[in-house]
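Coordinate analysis (summary)
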Amino acid sequence: MSQANLVEKIADELPGINARTSTTKLSKVKAITFKITLIALAISVSAYFVKRPLNDFPVGTIEDGIDLCPQADELVPKKNGEIWERLQHSYNTEEFKARAIDWLGGAVRIPTETFDDMGDVTEPVWEKFLPLHDYLKDSFPLLHSNLELTKVNTYGLLYVWKGSDSALKPLLLTAHQDVVPVLEATISEWQHPPFSGYFDGERLWGRGSWDDKSGLIGIMSAIESMLENGFKPTRTVVIASGFDEEVGGIRGAYSLATEMLERFGENAFTMLIDEGPGYSEVYGRVIAVPAIAEKGRLNVRIQVTSPGGHSSLPPPHTSIGMLAELLVQYEKNPFEVHLTRGSPAYRSFQCMAQHAPGISPSFKEHMLRAEHCDRALRAAEQELFKNRAYMNLVGTTQAIDLVNGGVKVNALPEQAWAIVNHRISTESSIAATKARDIELLGSLANNFNLSYTAFGNRISNEDAPAYGTLTLSTAFGDGLEPAPVTPSGEDAAPFQLLSGSIKAAYNSHRNISGSDAIIVSPGVMSGNTDTRFYWKLTDHIFRYGHRGVVGGGSRPAGVHTVNEAISINTFVEAIQFYTTLVLNVDESSLP
């Protein structure tokens, strides 16, 4: 079964998507509804953001006692303190570093590339995962003799480490087995072969060394080490590992989610940790950014048709010409972006404003006052959005990624199409994104005398004569709504526990103590992870990989391209983090 057909088959039963109250399909309403809604929205936005000069905004000093980004204390295990101390000492030895190199290097040397259309799991191409499974069994013997393993949809791995208290909700740790392909034409650009697992004395090289075999092997290394030291959990720990995350997760994580819902039920887990951003230095301060939200996704296909004929008798505009102007209309009109109070991105920028010493004093002041002052909020976003990366993180984006048209140089093209990829703001929706696209192209459809249909609704007058057609539709599935936002306030116990564990692991690796060496800030994932299928399993989903990124940002050089590599010190610290987290959750008062 093709990738596209598989998406269609399961679209209405995805455990994650159906967990939301908002619909993922545009309701069957008349086009006029869209226009009235958008006009009303435009009027309200215009009234709210009245054009006023910013230079009349008083800028003073930050008031004492204002805490924009309260921090949890470093959380070192107490009940499990003895085993934690013993393991932290072990992790800092050269002997353990050598084991970590062997564990991760062996996994990297097994190619597990996934491609967009590999068919059903019964196809032989999927058998590439069997050597990895054998390797995991041989490399982590205590884990495989103490944890219950279920293979889900042939290649999905579900491990259950049963705790002594079945009344406690389990901890769920997830990571994927597959990696993005290595283009044959780029192999010569790699400093070391992409599936060599080569260790140069500092970094381990190869596809998956960062994304995401370091996550999977990091989890397993931590659990194997805890078992070697006699740890027996009070709270059950579950590991779920999909095998097609890089191509959507519809065979792996989807099947695992279904299995876990049947076995454990809805909202059965106390918290979930999957891959995501790590920590980096931002404006002079080390900040960890566990993502508490993910942007949504929508691919829109724009298709134009018009009469064909010989190219020696061309019309004023061919299908390709009209499509080109429609695409220019997109790029001339990006989505309007505003910072919204209380949003995950807003909270992240509050943390940056309070704790990063290198941030501009004016931005710091604007963010302080933005909580209660509209002009300050506008001033903050104006300064912030000078950095396009921040603007893209906050708003809905659009990227024209595919285009096609024409079959012969002397034949007028009868059709042309393009696909625009949208990443939907955490404060928006699929319906709002569709409505905006419909409105955006309406005037050009009229100018070119095209009958206009969008997402199954006829927009133009059905009886009006037309030269051709303009059709908007979804591509590669119906899209994905923005994820539910994970609680992250001072009263959100899972987030506070995660924050304290991050600080303890960071400090232990550097032999320091205290709660100020690293700041923890809620963040946003602009891409999508396997967690899209896990929304029903817990309200506390965190996308976080405890790995330091040199030079700022959330994604290191080499991920999804040539020369992917990871510092072995970074990998060992990730093992320390998983150990600290498991021990802290085990002894916590979480339900």
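Up top you'll find the structure we're talking about.
The structure contained in this document is the topic of the report that follows. Everything numeric here is computed off the predicted structure, so don't read it as measured data. (Residues numbered from 1 in each chain as written. Predicted model: local features only at pLDDT ≥ 70, side-chain atom pairs only at ≥ 80, totals over all residues. Heavy atoms only, no water.)

This part takes up the overall build of the protein chain. Helix and strand counts for the protein chain come out as 16 helices and 20 strands. Burial analysis of the protein chain (591 residues in total) assigns 55% to the buried set. Of the contacts formed within the protein chain by residues at least 6 apart in sequence, a portion of 81% connects residues at least 24 apart. Accessible surface, the protein chain as shown: approximately 25,100 Å² in total, 51% of it carbon and sulfur. (Helix = DSSP H or I, 4+ residues; strand = E, 2+ residues; numbered from the N terminus. Buried < 20%, exposed > 50% of the residue type's maximum accessible area, 1.4 Å probe, protein only. Contact = heavy atoms within 4.5 Å. Areas by Shrake-Rupley, 256 points an atom, 1.4 Å probe, with all protein chains shown as cover.)

What follows deals with the side chain of Arg547. By the secondary structure assignment, Arg547 is in the loop between strand E18 (541–543) and strand E19 (548–549). Salt bridges are absent for the buried Arg547, whose nearest opposite-charge side chain, Asp212, sits at 4.0 Å. In contact with Arg547, not counting residues within four places along its chain, are Trp210, Asp212, Ser214, Gly215, Gly276, Gly278, Tyr279, Ile566, Thr570 and Ala574. (Lys, Arg positive; Asp, Glu negative; His and termini not counted. Salt bridge = Lys/Arg side-chain N within 4 Å of Asp/Glu carboxyl O.)

When the sulfur atoms of two cysteines share a covalent bond, that bond is a disulfide. Applying the stated criterion across every chain, the model contains one disulfide. Each sulfur in the disulfide pair Cys69 and Cys351 lies 1.9 Å from the other. Residues Cys69 and Cys351 share a disulfide whose torsion about the S-S bond is about 80 degrees; that sign makes it right-handed. Linking Cys69 in the loop between helix H2 (31–48) and helix H3 (81–91) with Cys351 in helix H10 (residues 344–355), this pair joins segments that are 282 residues apart in sequence. For Cys351, a relative accessible area of 2% gives the class buried. (Disulfide = S-S within 2.5 Å.)

The next subject is the nonpolar core. Leu136, Ile223, Met226, Met271 and Leu581 are the most contacted members of the largest nonpolar core, which totals 68 residues. Looking at this core element by element, the count peaks at 10 residues for helix H16 (residues 568–586). Every residue in contact with Leu136, bar those within four places of it in the chain, is listed here: His144, Leu157, Tyr159, Leu216, Ile217 and Met220. (Core = buried A, V, L, I, M, F, W, Y, C linked by side-chain atoms within 4.5 Å.)

Below, the discussion takes up the sheet that holds strand E12 (residues 415–424). Strand order in this open sheet of six strands is E11-E12-E10-E15-E13-E14, and the pairing throughout is mixed. Every other strand in the sheet has two partners, leaving strand E11 (397–405) and strand E14 (457–458) as the edge strands with one partner each. Two strands pair when backbone bridges link them, and strand E10 (residues 296–305) and strand E15 (residues 468–474) are joined in this way by six bridges, in the antiparallel orientation. In the strand pairing of E15, Ile302 is matched with Leu472. Packing against the sheet, helix H9 (residues 319–332) makes contact with E10, E11, E12, strand E13 (450–454) and E15, and its axis sits at approximately 150 degrees to E10. Sheet contacts for helix H14 (residues 430–447): E10, E11, E12, E13 and E15; angle to E13, the most-contacted strand, approximately 180 degrees. (Pairing = 2+ DSSP bridges. Axes fitted to C-alpha atoms, helices over the stretch in contact; angles between N-to-C directions.)

This part is about the environment of Pro344. Checked against the element boundaries, Pro344 lands in helix H10. Separated by 83 residues in the primary sequence, Pro344 and Glu427 place their C-alpha atoms 9.4 Å from one another. When residues no more than four places from it in sequence are discounted, the contact partners of Pro344 are Ile292, Ala293, Thr426, Glu427, Val485, Pro522, Gly523 and Val524.

Here the focus is the pattern of salt bridges. One pass over the full model with this rule turns up 14 salt bridges. The shortest N-O distance in the salt bridge between Asp437 and Arg436 comes to 3.0 Å. Summarising the burial analysis for this pair, Asp437 and Arg436 share the class buried. Each member of the salt-bridge network shares a partner with another, and the members are Glu148, Lys162, Glu259 and Arg263.

Here we take up helix H5 (residues 129–139). Buried within H5 are the following residues: Phe129, Leu132, His133, Tyr135, Leu136 and Ser139. End-on, the buried residues of H5 take up no more than an arc of 160 degrees, which puts them together on one face. Exposed and oriented more than 90 degrees from the buried face of H5 are Lys137 and Asp138. (Arc of directions from axis to C-beta.)

Right, let's talk about the side chain of Thr486 for a bit. As for its position among the elements, Thr486 is in the loop between E15 and helix H15 (493–510). From its side chain, Thr486 meets the backbone oxygen of Ile541 in a polar contact 2.8 Å long. If we skip the residues at most four places from it in the chain, Thr486 touches Ile292, Asp539, His540, Ile541 and Phe542. (Polar contact = N/O pair within 3.5 Å; in protein donor to acceptor, adjacent residues only side chain to side chain.)

End to end, helix H8 (residues 253–264) covers 16 Å across 12 residues, agreeing with the expected 16 Å (1.5 Å per residue, within 8%). Along H8, the residues that are buried comprise Ala253, Tyr254, Ser255, Leu256, Ala257 and Met260. Positive backbone phi, at 95 degrees, marks Gly265, one or two positions downstream of H8. (Expected span 1.5 Å × (residues − 1).)

Another aspect to go through is the packing of H3 against helix H7 (residues 213–228). Where H3 contacts H7, the two axes come as close as 11 Å, and the packing angle between them is 120 degrees. In terms of their interaxial angle, H3 and H7 are classed as oblique. Helix-helix and strand crossings are classified by hand; for H3 and H7 the assignment is right-handed. Within the contact between the two elements, H3 uses Ile83, Leu87 and Tyr91 and H7 uses Ala222, Ser225 and Met226. (Parallel < 35°, antiparallel > 145°, perpendicular 65-115°, else oblique. Left-handed = near helix turned anticlockwise from the far one by under 90°.)

This part covers the packing of aromatic side chains. Think of a pair of aromatic rings as described by two things: how far the centres are apart, and how the planes are tilted against each other in angle. On inspection of all chains with the given rule, the structure shows 16 aromatic pairs. With 5.4 Å between their ring centres and 85 degrees between their planes, Trp126 and Phe243 make a pair best called edge-to-face. In this pair, Trp126 sits in the loop between helix H4 (94–108) and H5 while Phe243 sits in the loop between strand E5 (237–241) and H8, placing the two residues 117 residues apart along the sequence. An identical accessibility class is assigned to Trp126 and Phe243; each is buried. A ring pair is formed by Phe495 and Phe542, whose centres lie 6.1 Å apart and whose planes are at 40 degrees; its orientation type is tilted. Separated by 47 residues along the polypeptide, Phe495 in helix H15 and Phe542 in strand E18 bring together distant segments of the chain. With relative accessibility at 4%, the residue Phe495 sits in the buried group. (Phe/Tyr/Trp six-rings, centres within 6.5 Å; stacked < 30°, edge-to-face > 60°.)

Side-chain alternation along strand E6 (residues 271–274) places Met271 and Ile273 on one buried face and Leu272 and Asp274 on a second face that is also buried. Pairing of E6 with E18, which is carried by three bridges, proceeds in the parallel orientation. Residue pairing in the sheet places Leu272 in a bridge with Ile541 of E18.

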